[in-house]
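Observations on chain architecture
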Amino acid sequence: MNMSADPPLPRLDQVWPPPHPVEPRSWQGTTLRRQNYAAVLRTVLTDGPISRVDIARRVGLTPTAITNIVASLLRAGLVREVEPPSLGRDRGRPKVPVGIDPAGLTVLGIFIGGTQTSIGLIDLAGQLIAETDIEQTSESADELIEQTAAAARELITAVPLPTPVLGVGVSIGGWVDTERGTVRDHVHQHWIGAPLRDRLAERIGLPVVLNSNARAMALLESWLGAAKGVRDFIYVSIGALVGAALVIDGKVYDGAGSASGNIDHLSVRVRAQERCFCGRRDCLHVMVSDDATLRLAHQAGVDPSVASVRALAEVARAGDAAAQRVLRNRARHTGTAVGQLADLLNPELILLGGSILDAPEYLDDVRRRAAAGAHAAPSVADIVRPSVFGLHALSRASGALVLNQYYGDPLAHPPLALGAGA
Ligand SMILES: [Zn+2]
């Protein structure tokens, strides 16, 4: 495999030069200004439509400062005024709410799954504009990267867009090395070590941000989903891929070697007949992944034609005792891992995503086992909830990776960095 002798491409946050003020400013002054823009735009995203007065209250800046920043965001086309549903007599400009203008920016999101790749165009509000799913037709990372890049370029040219695409967010399961832009560990060996981020950036011609699908989903949940406003939570994905994302003090935590949330090989203290892809037999992955669940179901006598967790949940509902047992065990093993995570991080919320939501009647088994296993974290059962986004949000979530960098410093990127406003 070609291990990329090419020089690494710049990361998204290094691609566009920072704005050069006409007058020299102190480092603190510039930094503060950038932080203020980020805080205002982020508040409009998560709490909008919202009045300038309320933004000022939320962000802790003077109404005058907010009016100036919002005026600049309006000129740049990043926010728009939204007429309130009923016009009160005391309506004045500061009370007209502003919301994100979805047309302000476009990003591309790519989720690389086990057998399928989803590619979506996402607007500034985090909503999907268009999406395409492709079957992965090879087990060579080089070929899959070519196939993905070609489909991405095709989607960008096929859909008329109000603004150029800012960048690409790519997510994949396993242990993603966010520094090197590679995958360090994955259930499919061909991804390990492939120069995923840099090669996709080169082939698509746009900067790429790479991270794990669980971290991408956690971002989307924290902006627009069940974890809105939650500072500390864990997103646990149980499906074809098994993974978790830790959000600590409002930020997705990657870890020193970006291996945080790599829960595949947590011990569930039960020996499986099969070996995990790491070689052990007691891993969470080998007990709860989609493949493992279907294998266990077929071994237990469930009809071999049942080929998905969704179908397994249906036969369980129709009264198949073996299917019920397998799904309950899957939920319990998940609960064992969830209890350990709860003790480790003491989160406000634990969100479950992936195909485990195809059998929601077993979520109480997750809660009961988690509560039985967690010693330090109180009332774990009350904080385990389903993710609000289904499996189809994964390209959106991938786009959120690049939007996250944008919202973190809007003055570092177009249109504001090009002098359109501010
Ligand atoms: Zn393992």
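Reading guide: rules and limits
Residues numbered from 1 in each chain as written. Predicted model: local features only at pLDDT ≥ 70, side-chain atom pairs only at ≥ 80, totals over all residues. Heavy atoms only, no water. Donors = N, O, S within 2.8 Å, 3.2 Å for Na, K, Ca; no water. Tetrahedral: all angles 85-135°; square planar, octahedral: opposite > 155°, others 65-115°. Buried < 20%, exposed > 50% of the residue type's maximum accessible area, 1.4 Å probe, protein only. Pairing = 2+ DSSP bridges. Helix = DSSP H or I, 4+ residues; strand = E, 2+ residues; numbered from the N terminus. Axes fitted to C-alpha atoms, helices over the stretch in contact; angles between N-to-C directions. Contact = heavy atoms within 4.5 Å. Expected span 1.5 Å × (residues − 1). pLDDT = per-residue confidence, 0-100. Polar contact = N/O pair within 3.5 Å; in protein donor to acceptor, adjacent residues only side chain to side chain. Salt bridge = Lys/Arg side-chain N within 4 Å of Asp/Glu carboxyl O.

Of the protein atoms, only His265 (ND1), Cys276 (SG), Cys278 (SG) and Cys283 (SG) coordinate the zinc ion, at distances of 2.0 to 2.3 Å. The site at the zinc ion holds 4 donor atoms, and with the angles between them running 102 to 119 degrees, its shape is tetrahedral. Mapped onto the sequence, the donors of the zinc ion take the spacing H-x10-C-x1-C-x4-C. Using a relative accessible area of 5% as the deciding quantity, one classes Cys276 as buried. Residue classification places Cys278 among the partly exposed positions, given a relative accessible area of 39%.

Moving on, we come to the sheet that holds strand E3 (residues 106–112). In space, the 5 strands of this open sheet follow the order E5-E4-E3-E6-E9, with mixed pairing throughout. A single partner strand is all that each edge strand has here, and the edge strands are strand E5 (128–135) and strand E9 (208–212). Strand-to-strand, the axes of this sheet are offset by a mean angle of 15 degrees, without reference to chain direction. When E3 meets strand E6 (residues 165–172), the two strands line up parallel, connected through 6 bridges. Bridge pairing links Phe111 to Ser171 in E6. Across the sheet, helix H5 (residues 141–158) is in contact with E3, strand E4 (116–123), E5 and E6; its angle to E4 comes to roughly 30 degrees.

A few words on helix H7 (residues 213–224). Look at H7: 16 Å from first C-alpha to last across 12 residues, which is about the 16 Å you get at 1.5 Å a residue. Those residues of H7 that fall on the buried side of the exposure criterion are Asn213, Ala214, Arg215, Ala216, Met217, Ala218, Leu219, Leu220, Glu221, Ser222 and Trp223.

Moving on, we get to the sheet that holds strand E10 (residues 233–238). With respect to topology, 5 strands assemble into an open sheet ordered E12-E11-E10-E13-E14, the strand pairing being mixed. The outermost strands of the open sheet, each flanked by one partner alone, are strand E12 (251–253) and strand E14 (384–386). Taking each pair of neighbouring strands and ignoring which way they run, the sheet shows an average axis angle of 30 degrees. The pairing of strand E11 (residues 242–248) with E12 spans 3 bridges and is classified as antiparallel.

For the rest of this paragraph, the subject is the confidence of the model for the protein chain. Confidence in the prediction of the protein chain, expressed as mean pLDDT, is 89, and 88% of residues score 70 or more. The element-level mean pLDDT for the protein chain is lowest in helix H1 (residues 12–15), coming to 42, with helix H10 (residues 309–317) highest at 98. Contacts for the low-pLDDT stretch residues 1–26, under 50 throughout, to residues beyond four places or in other chains number 41 contacts.

Let us now look at the side chain of His186. For His186, the location among the structural elements is in the loop between strand E8 (182–185) and helix H6 (196–204). Among the polar contacts listed, one links the side chain of His186 to the backbone nitrogen of His188, at a separation of 2.9 Å. Not counting chain neighbours up to four residues away, the residues in contact with His186 comprise Ile172, Gly173, Gly174, Trp191, Ile192, Leu241 and Phe277.

What follows covers the pattern of salt bridges. Counted under the stated rule, the structure contains 18 salt bridges. Between Arg52 and Glu81 there is a salt bridge, with its nearest N and O atoms 2.8 Å apart. On the criterion of sequence distance, the pair formed by Arg52 in helix H3 (residues 52–59) and Glu81 in strand E1 (residues 79–81) is long-range, its members being 29 residues apart. The class for Arg52 is buried, based on a relative accessible area of 8%. A salt bridge links Arg197 to Asp198; the shortest N-O distance between them is 3.1 Å.

Our focus in this paragraph is the pairing of E11. With 6 of 7 residues buried, E11 lies mostly within the body of the structure. The sheet contact formed by E10 and E11 spans 6 bridges and is antiparallel. Note that in E11 the partner of Ile234 across the bridge is Leu246. Remark: 3 residues form the turn of the hairpin made by E10 and E11, two consecutive strands paired antiparallel. The hairpin turn running from E11 into E12, its antiparallel successor, is 2 residues long, and Asp249 in that turn takes a positive phi close to 50 degrees.

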